[in-house]
Amino acid sequence: MAAPLKISGFCCRNEKPLANFIYRFLSTNSATKNETRPKNESRETHFGFETVAEDEKEERVYEVFKNVAGKYDLMNDAMSFGIHRLWKDHFIHRMAPVEGTKLLDVAGGTGDIAFRFLQYIQSQNDDPIMVEESFSIPTNIEAGAYSIPSDYAEEEKIDLSGYKEDTSHVTVCDINQEMLNVGKSRAEEAGIFTGIDWVQGNAECLPFEDNSFDAYTIAYGIRNCTHVDKVLTEAFRVLKPGGRFLCLEFSQVNNLGLRRLYDSYSFEVIPVMGQVLARDWKSYQYLVESIRQFPNQKKFAAMIRQAGFGMVTYENLTFGVSAIHSGYKLLKVVK
């Protein structure tokens, strides 16, 4: 087994060092002058609507979430009128984990998905007959359709007092230590010390062995990654055969009239909220812009298929403001 390779402070498995060396050697020697990239030239990508060097984006995204970590729940509530909680509840219901599931939750530092996963498993233990209606959330959720409790305004209440340790486990992986610290604090306050691990790691180069997890989730995090294709490839690698990939992400509103209203709200209201509630205009301006740069539902589904996943589907939530993408690491039949 190859030893872990440290890259930019994060652990990445170097599975075939000899093959990688030969590939790099051949690639270097076969490159023409026109194909050779100057050492001081870096590839470019987007940071919101701004064009930046690829190696700069990761640092700037890290700073964004370092800045918003302390007010993350408050701002999510303010921006979505609390509906993001319903989206996440529905996300876990669509996942429908069973006891014994090993989940990897990437970019999940604050624990929103991890805690819901544990709650869902516990609810199965308490009442094995779960009715569909108790978890189902319509795909056309509107702001006024649900009453958001007033205590959601500051921090989500986690009730895992009845949680019992079983064979289920969730590993929360996030590149940002500040976000992980928020999640750890919430877990400690809820008295959760088992069934969950916290790992600082890069979604593009995960510090886990192949075929390690039954399910992989990433909620509102993949659009912030520099190389989405690498994130998907890593997700495929760490999933066991038959494992499921699930992504909850902001997406494209298809109705033109609603899209215009949504855009006006996003660009004219959300950054102002960021300034008023978190004293941070720029970070929330970036978050709004990053949503518009992310591929729409069909294009992202195509990327998931290209990474090797089968049975790829997506489900729109609230007219496409958010979408749940799903795919499976299917067993290949050798003829």
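Now for a quick tour of the structure. (Residues numbered from 1 in each chain as written. Predicted model: local features only at pLDDT ≥ 70, side-chain atom pairs only at ≥ 80, totals over all residues. Heavy atoms only, no water.)

**Section: the overall build of the protein**
Just so we agree on the cut-off: By definition, any uninterrupted DSSP run of H or I lasting at least four residues is a helix, any uninterrupted run of E lasting at least two residues is a strand, and each is numbered from the N terminus. Using a 1.4 Å probe on the protein chains alone, a residue whose accessible area is under 20% of its type maximum counts as buried, one over 50% counts as exposed, and one in between counts as partly exposed. We call two residues in contact when some of their heavy atoms are within 4.5 Å. Surface accessibility in these figures is a Shrake-Rupley result with a 1.4 Å probe; residues are shielded only by whichever protein chains are displayed.
What the protein contains, in helices and strands, is 11 helices and 11 strands. Expressed as a percentage of the 335 residues in the protein, the buried residues total 47%. A separation of at least 24 residues holds for 75% of the contacts in the protein among residues at least 6 apart in sequence. As displayed, the protein has an accessible area near 17600 Å², and 53% of this comes from carbon and sulfur atoms.

**Observations concerning the nonpolar core**
Put simply, the rule reads: Here, the term nonpolar core denotes a set of buried Ala, Val, Leu, Ile, Met, Phe, Trp, Tyr and Cys residues that are joined through side-chain atoms within 4.5 Å.
Among the nonpolar cores identified, the biggest contains 33 residues, and Trp87, Phe117, Val170, Ile196 and Leu248 are the most heavily contacted of them. If you list the elements that add at least two residues to this core, you get helix H4 (83–95), helix H5 (112–126), strand S6 (169–174), helix H6 (177–189), strand S7 (196–200), strand S8 (213–219) and strand S9 (239–250). Among the elements that make up this core, the one with the highest residue count is H5 (7 residues). Counting 27 residues, the second-largest nonpolar core is a separate cluster that includes Cys173, Val238, Leu239 and Phe309.

**What to know about the sheet that holds strand S5 (residues 102–106)**
To keep it simple, the criterion reads: Two strands pair if DSSP finds at least two bridges between them. A fitted line through C-alpha atoms represents every axis, and for helices the fit uses only the stretch in contact; the resulting angles, taken between N-to-C directions, go from 0 to 180 degrees.
Spatial ordering of the open sheet is given by S7-S6-S5-S8-S9-S11-S10, a layout of 7 strands whose pairing is mixed. Because the sheet does not close on itself, it has two edges, and the strands there are S7 and strand S10 (310–317). Across the sheet, the mean angle separating the axes of adjacent strands is 15° when strand polarity is ignored. Pairing of S9 with strand S11 (residues 322–328) involves 7 bridges; the strand directions are antiparallel. When the sheet's bridge partners are listed, Glu249 is paired in S11 with Ala323. H5 rests against S5, S6, S7 and S8 of the sheet, and its axis sits at about 175° to S6. Against the sheet, helix H11 (residues 297–306) contacts S9, S10 and S11, and its axis sits at roughly 155° relative to S10.

**Considering the pattern of salt bridges**
Quick reminder of the rule: By convention in these notes, a salt bridge is any Lys or Arg side-chain nitrogen within 4 Å of a carboxyl oxygen on Asp or Glu.
Under the counting rule described, the total for this entry stands at 9 salt bridges. For Asp89, the salt bridge goes to Arg116, with nearest N and O atoms at 2.7 Å. Taken together, the positions of Asp89 in helix H4 and Arg116 in helix H5 put the pair 27 residues apart, joining distant regions of the chain. Of the residues examined, Asp89 reaches a relative accessible area of 33% and is grouped as partly exposed. Relative accessible area serves as the criterion here: at 6%, Arg116 is assigned to the buried category. For the salt bridge of Glu315 with Arg94, the shortest nitrogen-to-oxygen distance reads 2.9 Å. Of this pair, Glu315 sits in strand S10 while Arg94 sits in helix H4, and the two are 221 residues apart along the sequence. Of the residues examined, Glu315 reaches a relative accessible area of 16% and is grouped as buried.

**Notes on the pairing of S7**
Side-chain direction in a regular strand flips from residue to residue, so the side chains alternate between the two faces of the sheet. What counts is decided by this rule: Here, the term right-handed applies to a crossover whose path from the first strand over the helix to the second runs clockwise when the strands point away from the viewer.
For S6 and S7, the ladder comprises 5 bridges, and the chain directions are parallel. In the strand pairing of S7, Thr171 is matched with Asp197. Note on the crossover from S6 through H6 to S7: the handedness is right-handed.

**Re the packing of aromatic side chains**
The line we're drawing: Side-chain rings of Phe, Tyr and Trp, where Trp is taken by its six-membered ring, are said to pair if the distance between their centres is within 6.5 Å; with planes under 30 degrees apart they count as stacked, over 60 as edge-to-face, and otherwise as tilted.
In the structure shown here, the tally under the stated rule is 10 aromatic pairs. Judged by centre distance (5.3 Å) and plane angle (90°), the rings of Phe208 and Phe213 are edge-to-face. Comparing Phe208 with Phe213, the two get one shared label, buried. Each ring, one from Tyr220 and one from Phe250, has its centre 4.6 Å from the other, and the planes form 40°; the classification is tilted. Here Phe250 lies in strand S9 and Tyr220 lies in the loop between S8 and helix H7 (228–238), a separation of 30 residues in the sequence. What makes Tyr220 buried here is its relative accessible area of 9%. One aromatic cluster in this structure is built from Tyr216, Phe236, Phe245 and Phe309.

**Notes on the packing of helix H9 (residues 270–278) against helix H10 (residues 281–293)**
For the record, the criterion: Crossing chirality is assigned from the near helix's rotation relative to the far helix, an anticlockwise turn below a right angle marking it left-handed and a clockwise turn marking it right-handed.
The N-to-C vectors of H9 and H10 enclose an angle of 150°; their axes lie 7 Å apart at closest approach. For H9 against H10, the interelement crossing comes out right-handed. On H10, the residues that touch Ile270, Pro271, Val272, Gly274, Gln275 and Ala278 of H9 are Trp281, Tyr284, Gln285 and Val288.

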